[in-house]
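In case you want the letters, here they are:
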Amino acid sequence: MDIKKVMVIGAGQMGSGIAQVCAQSGFDVFLNDMSEQALEKGMKNIEKLLMRAVEKERITETQKTDTLNRLHPSTTLTDAASCDVVIEAVVENMEVKAKVFAELDNITPKHAILASNTSSLPITEIAGATSRPDQVIGMHFMNPVPIMKLVEIIRGLQTSDETYQTIENMAKQLAKTSVEVSDLPGFAANRILMPMINEAVFALYEGVASVEDIDTVMKLGMNHPMGPLTLADFIGLDTCLYIMEVLYEGFGDSKYRPCPLLRKYVNAGWLGKKSGRGFYQYGD
């Protein structure tokens, strides 16, 4: 299938990043969000990142202008009626995602592929909300999307080979490296990453070391570019907790039990960088 038009649903950090790389790669893109405020913020963030890329001579002024001209803000899902691929990047909640996919199933053309950027929820279950489960697939980008090269492509039980091949080719057009991953809780990236972050929180909880020293151990001892507690703040502690709960429920294994300190921070509203406080404190 020749992909020309794409809709990205959700104008947050992930959604706006996906929309940006799609537009930079030549696709005509609708960035959709129910909230006009979120949509405006997402569009401004894209423009800011493109301006920074021009300043660093990674792209030209013409490329920036062309990219912005291919981006179209949208507040209604009916704009998906002309799209070949829709990538959903809304809140990590099965009920919300199922509702979005059911609506898209009625709006989009029969040939359209419906993809989810979910980081942990089962693609097979999401696909069950549609009448085209063979055209539903997981497309899990890494954050920040314009910089990170990896995309996990997740087949649902009924995802067709044609759908998979189309999305694999699209990932190449986006200058991403894709990996095929089974539809199991946490997929590959978060099944490995989140227990490491959770164990770092346990180390803090049990008084093994301070926040700064735990991060230093992993940065200087393991050559990680960012410590696990800093990374958790960047991802969002609520997101980390949610994924650990998905893993714990999905596998029923105590090694995935979320640390009580992680839950306490989330209950306190200390969600990381986005709330101004997590394991570290952040200014404006």
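Below you will find a few notes about this structure. (Residues numbered from 1 in each chain as written. Predicted model: local features only at pLDDT ≥ 70, side-chain atom pairs only at ≥ 80, totals over all residues. Heavy atoms only, no water.)

1. Describing the pattern of salt bridges
For clarity, the cut-off: Salt-bridge detection follows one rule: a side-chain nitrogen of Lys or Arg within 4 Å of a carboxyl oxygen of Asp or Glu. Put simply, DSSP marks the helices as runs of H or I at least four residues long and the strands as runs of E at least two long, and each gets a number from the N terminus on. Partly exposed describes any residue whose relative accessible area lies between the buried limit of under 20% and the exposed limit of over 50%, with all areas from a 1.4 Å probe on protein chains only and scaled to the type maximum.
Inspection of every chain in the model, using the stated rule, returns 9 salt bridges. In this structure, Glu40 engages Lys44 in a salt bridge whose closest nitrogen and oxygen atoms are separated by 3.2 Å. Separated by 4 residues within a single helix, Glu40 and Lys44 lie in helix H2 (residues 36-55), roughly one turn from each other. One salt bridge in this structure joins Glu88 and Lys97, with 2.3 Å as the shortest N-O distance. Overall, Lys97 belongs to the buried group, its relative accessible area being 1%. Beyond isolated ion pairs, a larger network of salt bridges with shared partners links Glu88, Glu92 and Lys97.

2. Looking at the packing of helix H7 (residues 189-205) against helix H9 (residues 228-235)
How we decide: The axes are straight lines fitted to the C-alpha atoms, using for helices just the contacting stretch, and the angles between their N-to-C directions are given from 0 to 180°. Each helix crossing is assigned a hand: it is left-handed if the near helix lies turned anticlockwise from the far helix by less than a right angle, otherwise right-handed if that turn is clockwise. Contacts are assigned to residue pairs with any non-hydrogen atoms lying within 4.5 Å of each other. Note that Gly is not counted as nonpolar here; it falls among the polar residues with everything else outside the nonpolar set of Ala, Val, Leu, Ile, Met, Phe, Trp, Tyr, Cys and Pro and the charged set of Asp, Glu, Lys and Arg.
Two elements in contact, H7 and H9, have axes whose closest approach is 9 Å; the angle formed by their N-to-C orientations is 115°. Relative to H9, H7 is oriented so that their crossing is left-handed. Residue-level inspection shows Leu193, Met194, Met196, Ile197, Ala200, Val201 and Leu204 of H7 in contact with H9, the latter providing Pro228, Leu229, Leu231, Ala232 and Ile235. In terms of residue class, the contact of H7 with H9 is built from 12 nonpolar, no polar and no charged.

3. What about the packing of aromatic side chains?
Our working rule: Here a pair means two rings of Phe, Tyr or Trp (six-membered ring of Trp) with centres within 6.5 Å. Their orientation is stacked below 30 degrees between planes, edge-to-face above 60, and tilted elsewhere. Each ring is checked for a lysine NZ or an arginine CZ that lies within 6 Å of its centre and within 35 degrees of its normal; such an atom marks a charge sitting over the ring.
Taken as a whole and assessed by the stated rule, the structure comprises 4 aromatic pairs. Aromatic pair Phe202 and Tyr205: ring centres 6.3 Å apart, planes at 65°, arrangement edge-to-face. Of the two residues, Phe202 and Tyr205 both sit in helix H7, 3 residues apart, roughly one turn of that helix. Residue Phe202 is classed as buried on the basis of its relative accessible area, which comes to 10%. Pairing Tyr265 with Phe279 gives two aromatic rings, centres 5.1 Å apart and planes at 35°, and the pair type is tilted. Here Tyr265, found in helix H11 (residues 260-267), pairs with Phe279, found in the segment after H11; they are 14 residues apart in sequence, far enough to count as distant. Look at Phe279 and you get buried, because its relative accessible area is 9%. Aromatic rings pair up to connect Tyr265, Trp270 and Phe279 into one cluster. Positioned over the ring face of Tyr164 is Arg155, at 4.5 Å from the centre of the ring. Cation over ring: Arg277 sits above Trp270, and NZ or CZ is 3.7 Å from the ring centre.

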